[in-house]
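# Overview (structure and organization)
The primary structure of each chain is shown beneath.
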Amino acid sequence: QVQLVESGGGLVQAGDSLRLSCAASGRTFSRYTMAWFRQVPGKEREFVAIIRRSGGYTIYADSVKGRFTISTDTAKNTVYLQMNSLKPEDTAVYYCAAAGTYDGSRSQYDYDYWGQGTQVTVSS
């Protein structure tokens, strides 16, 4: 029902910035909680950031709070993740996700739709 496509990943150096985009098609994502997760091979997918449908309230993982910002552009049906002061430990495949039932969950298992992911690699 909802298709998500991430973009904006790449190879950067520590301290640099990137902005990830997640374009949604199908039903408007304003009806969903939108989130970003990340995953490295051999490790479980971890929560990064959430923007709740109830007033746009945001939630961040402690590891990214103060450095990352999640936002949405309703007109473009797109969610963004602005990543500043990137660290090597931020290296991962980043996924956007949408939850139609749960609003603000940090669990990947509560999300109904997923993008294919975009690779972020931070060197040094």
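Residues numbered from 1 in each chain as written. Predicted model: local features only at pLDDT ≥ 70, side-chain atom pairs only at ≥ 80, totals over all residues. Heavy atoms only, no water.

## Some words on the overall build of the protein chain
Along its length, the protein chain carries zero helices and 11 strands. Along its sequence from the N terminus, the protein chain presents helices and strands in the succession β-β-β-β-β-β-β-β-β-β-β. Across its three principal axes, the protein chain shows a C-alpha extent of roughly 40 × 30 × 25 Å. Residues counted as buried form 44% of the 124 residues belonging to the protein chain. If you take every contact in the protein chain between residues at least 6 apart in sequence, the share linking residues at least 24 apart comes to 59%. Working note: accessible area of the protein chain is about 6,300 Å², and carbon and sulfur atoms make up 44% of it. The average position of the 13 basic charges and that of the 11 acidic charges among the side chains of the protein chain differ by 5 Å. (Helix = DSSP H or I, 4+ residues; strand = E, 2+ residues; numbered from the N terminus. Buried < 20%, exposed > 50% of the residue type's maximum accessible area, 1.4 Å probe, protein only. Contact = heavy atoms within 4.5 Å. Areas by Shrake-Rupley, 256 points an atom, 1.4 Å probe, with all protein chains shown as cover. Lys, Arg positive; Asp, Glu negative; His and termini not counted. Charge placed at Lys NZ, Arg CZ, Asp CG, Glu CD.)

## Quick look at the state of the cysteines
In protein chemistry, a disulfide is the covalent bond that joins the sulfur atoms of two cysteines. Under the counting rule described, the total for this entry stands at one disulfide. The disulfide bridge from C22 ends at C96, spanning 2.0 Å between sulfur atoms. Judged by the sign of its S-S torsion, about 60°, the bond between C22 and C96 is right-handed. Here C22 is found in strand 3 (residues 18-26), whereas its partner C96 is found in strand 9 (residues 92-99), with 74 residues between them in sequence. Residue C96 is classed as buried on the basis of its relative accessible area, which comes to 0%. (Disulfide = S-S within 2.5 Å.)

## Some words on the nonpolar core
Core analysis: the biggest nonpolar cluster contains 37 residues, and L4, W36, L81, M83 and Y94 have the highest contact counts within it. Ranked by residue count, the leading element in this core is strand 9, at six residues. Beyond its immediate stretch of four places on either side in the chain, L4 contacts C22, A23, A24, M34, C96, A97, A98, Y113, W114, G115 and Q116. (Core = buried A, V, L, I, M, F, W, Y, C linked by side-chain atoms within 4.5 Å.)

## Considering the sheet that holds strand 3
The pairing of strands in a sheet happens through backbone hydrogen bonds and is either parallel or antiparallel. A sheet is described by the order of its strands in space; here four strands give the open sequence 1-3-8-7, paired in antiparallel fashion. Strand pairing shows two members of the sheet lacking a second neighbour, strand 1 (2-7) and strand 7 (68-73), which therefore form its edges. Adjacent strand axes in the sheet meet at a mean angle of 20° when their direction is disregarded. (Pairing = 2+ DSSP bridges. Axes fitted to C-alpha atoms, helices over the stretch in contact; angles between N-to-C directions.)

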